Amino acid sequence: MSQTDNIIGADAEALATALRGRELELHYQPKVALGSNELVGVEALARWRHPKLGFIPPTHFIPLAESAGLIDAITEWVIAEAARQWSEWHAAGLTTRIAVNISAVNLGHIDFPDLVGGILRSAKVNCAHYEIELTESATQNAVNLLDTLTRLRLKGIHLAIDDFGTGYSSLLQLQRLPFSSIKIDRSFVGNADRSEDCRVIIRSVIDLAHNLGMEAVAEGVETETTLQLLRDLGCDVVQGYFIGRPRPGPAMLDFDKDWRQRHPAQPRTGPVEIAPARDRHRARRGA
Ligand code: C2E
Ligand code: CA
Ligand code: CA
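The structure contained in this document is the topic of the report that follows.

Reading the values: the criteria
- Per chain, residue numbering runs from 1 following the sequence as it is written.
- By the order in which they are written, chains take letters starting at A while ligands take numbers starting at 1.
- Where local features are concerned, this predicted model is filtered to residues with pLDDT of at least 70; where side-chain atom pairs are given and counted, the filter is 80 or more; whole-chain, interface and lining totals use all residues.
- Only DSSP runs of H or I covering at least 4 residues are called helices, and only runs of E covering at least 2 are called strands; the numbering of each starts at the N terminus.
- Here the globule rule is a power law, 2.2 Å times the number of residues to the power 0.38, and the radius of gyration is based on C-alpha atoms.
- Partly exposed residues are those falling between the two cut-offs: more than 12 but fewer than 20 other C-beta atoms within 10 Å of their own, whereas 20 or more means buried and 12 or fewer means exposed, with C-beta atoms placed from the backbone.
- Residues are defined as contacting one another if the C-beta atoms placed from their backbone atoms lie within 7 Å.
- Comment: axis = line fitted to C-alpha atoms, over the contacting stretch for helices; angle = value between 0 and 180 degrees taken between N-to-C directions.
- Any angle between 65 and 115 degrees counts as roughly perpendicular, while under 35 counts as roughly parallel, over 145 as roughly antiparallel, and the rest as oblique.
- Handedness of each helix crossing follows the sense of rotation of the near helix against the far helix: counterclockwise by less than a right angle gives left-handed, clockwise gives right-handed.
- Three residue categories are used. Nonpolar comprises Ala, Val, Leu, Ile, Met, Phe, Trp, Tyr, Cys and Pro, charged comprises Asp, Glu, Lys and Arg, and polar comprises the others, including Gly.
- Helix span is expected to be 1.5 Å times the residue number reduced by one.
- Here the arc refers to the directions that run from the helix axis out to each C-beta atom.
- When buried Ala, Val, Leu, Ile, Met, Phe, Trp, Tyr and Cys residues are joined through C-beta atoms within 7 Å, the set is termed a nonpolar core.
- Two strands form a pair only when DSSP identifies at least two bridges running between them.

### Notes on the overall build of the chain
Check the secondary structure of the chain and you find 13 helices and 10 strands. Against the compact-globule benchmark of 19 Å for 287 residues, the chain has a radius of gyration of 19 Å, which places it among compact chains. Each of the three principal axes of the chain carries a C-alpha extent, and together these read 50 × 45 × 40 Å. Within the span of the chain, comprising 287 residues, buried residues form 35% of the whole. Across the chain, contacts joining residues at least 24 apart in sequence account for 69% of those joining residues at least 6 apart.

Written as structure tokens, this is what we have:
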């Protein structure tokens, strides 16, 4: 059965049933620091395992959820499930940052930061271990964007601007919004070994991130050549199939063990105290 066939029947009603019937699950993809070789985070990616149709990709059901008014319920489930998984890993000795994706629609709610804070408190997850990824295109229109993002950041939650380079964020917006990292879109990263233009863009985004006191993260790293290129360009963190594919939560413990065996931690050589530098900058401005 092709992916298109799969999607027929995966409509809003089926999605609402899926949410109630525990057909949604999260898979997790590792993020590794190039300076220290350490597993520094994981990204939670939603999966819909339909009992008859098989896996439905998030690129289909997230837009469906947004248009059908289901995205708030899905995001709330994602935040809580990722927090539950973090606690399970923590109890098993793995303490790493966990990132979830949210939609622009979620930020339209003024109480969103308190909702996230409440979920993390109930799950006993320190906000400093939690990260929210927001696509660059989602930073365009949301009302209360600065206020909502600032309140999330003040709780200690990290914020990443996702798919950077595919939207139209202004430099002013980047300077004002309290992001702690920039994720360079995989369309640039995937072509870096063939395209000088992509390398120039990646280098510029890394410089921009560092000059604004943010961490530069490259996603979509599929080859060793690309990994080496990113290392040479001074990228901080990498994510992609070459490091590890998204996998169910329990499998992350094995990944961590295996990764540490194959890649012993190096003394940290990357940019020092990236987030605090930004906080100092904000403090100077009285923000
Ligand atoms: P994203 O946030 O940019 O997530 C990265 C996507 O790239 C994931 O696709 C991941 O599986 C894929 N990927 C990771 N490494 C590589 C690589 O080396 N090569 C290639 N070709 N792909 C790679 P996935 O899981 O299908 O998710 C697609 C998008 O759906 C995500 O893009 C995100 O925008 C959205 N999404 C996923 N889960 C959620 C969620 O819980 N909430 C919201 N609002 N959106 C979600
Ligand atoms: Ca993401
Ligand atoms: Ca992305």
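### Some remarks on the packing of helix H6 (residues 112–122) against helix H7 (residues 145–154)
Closest axis-to-axis distance for the H6/H7 pair is 9 Å, and the angle between their directions is 25°. Viewed along their axes, H6 and H7 adopt a mutual orientation that is roughly parallel. The way H6 lies across H7 gives a crossing that is right-handed. Contact residues: H6 offers Phe-112, Pro-113 and Val-116, while H7 offers Thr-148, Arg-151 and Leu-152. The class makeup of the residues in the contact of H6 with H7 is four nonpolar, one polar and one charged.

### Examining helix H10 (residues 196–211)
The terminal C-alpha atoms of H10, which comprises 16 residues, lie 22 Å apart, in line with the 22 Å expected from a rise of 1.5 Å per residue. Residues of H10 that are buried include every one of Ile-201, Ile-202, Val-205, Ile-206 and Ala-209, and no others. Buried residues of H10 fall within an arc of 135° about the axis and therefore sit on the same side. For H10, the exposed residues lying more than 90 degrees away from the buried face are Glu-196, Asp-197, Val-200 and Asn-211. Buried-residue contacts for H10 involve strand S6 (158–164), strand S7 (181–184), helix H9 (186–189) and strand S8 (215–219). Positive backbone phi, approximately 75°, marks Gly-213, located one or two places after H10.

### Some thoughts on unusual backbone geometry
Phi angles above zero are rare outside glycine, and Asn-37 is one such case at about 70°. Looking at the element boundaries, Asn-37 is found in the loop between strand S1 (24–33) and strand S2 (39–50). Classification of Asn-37 as partly exposed rests on a count of 16 C-beta atoms within 10 Å. If you check the backbone angles, Lys-124 has positive phi at about 60° while not being a glycine. Tracing the backbone through its elements, the reader meets Lys-124 in the loop between H6 and strand S5 (130–135). Looking at Lys-124, the number of C-beta atoms within 10 Å reads 10, which means it is exposed.

### A few points about the environment of Thr-95
Its place among the elements puts Thr-95 in the loop between helix H4 (71–91) and strand S4 (97–102). Each C-alpha atom of the pair Thr-95 and Val-40 lies 8.9 Å from the other, and the pair is 55 residues apart in sequence.

### Observations concerning the packing of H4 against H6
Orientation of H4 relative to H6, taken along the N-to-C sense of each, is 30°, at an axis distance of 9 Å. Relative to H6, H4 is oriented roughly parallel. Crossing of H4 against H6: the hand is right-handed. Between H4 and H6, the residues in contact are Glu-76, Ile-79, Ala-80 and Ala-83 and Leu-115, Val-116, Ile-119 and Leu-120, respectively.

### Concerning helix H3 (residues 58–67)
For an α-helix, the turn length of 3.6 residues means that residues three or four places apart are oriented alike. Here H3 has its buried residues at Phe-61, Leu-64 and Ala-65. One side of H3 carries all its buried residues, which in axial view fall inside an arc of 100°. Facing away from the buried side of H3 by more than 90 degrees, the exposed set consists of Thr-59, Pro-63 and Ser-67.

### Topic: the nonpolar core
Of all hydrophobic cores here, the largest spans 68 residues; its most connected members are Ala-44, Ala-82, Ile-182, Ile-184, Val-205 and Val-238. If one sorts the elements of this core by residue count, H4 sits on top with seven residues.

### Some remarks on the pairing of S2
Taken together, the nine bridges between S1 and S2 define a ladder with antiparallel strand orientation. Bridge assignment links Tyr-28 to a residue of S2, and that residue is Ala-44. Once S1 ends, the chain turns through five residues before running back antiparallel as S2, passing Asn-37 with a positive phi of about 70°. Taken together, the three bridges between S2 and S4 define a ladder with parallel strand orientation. The partner of Val-42 across the bridge, within S4, is Ile-98. Hairpin connection between S2 and strand S3 (residues 54–56): a loop of three residues separates the two successive antiparallel strands.

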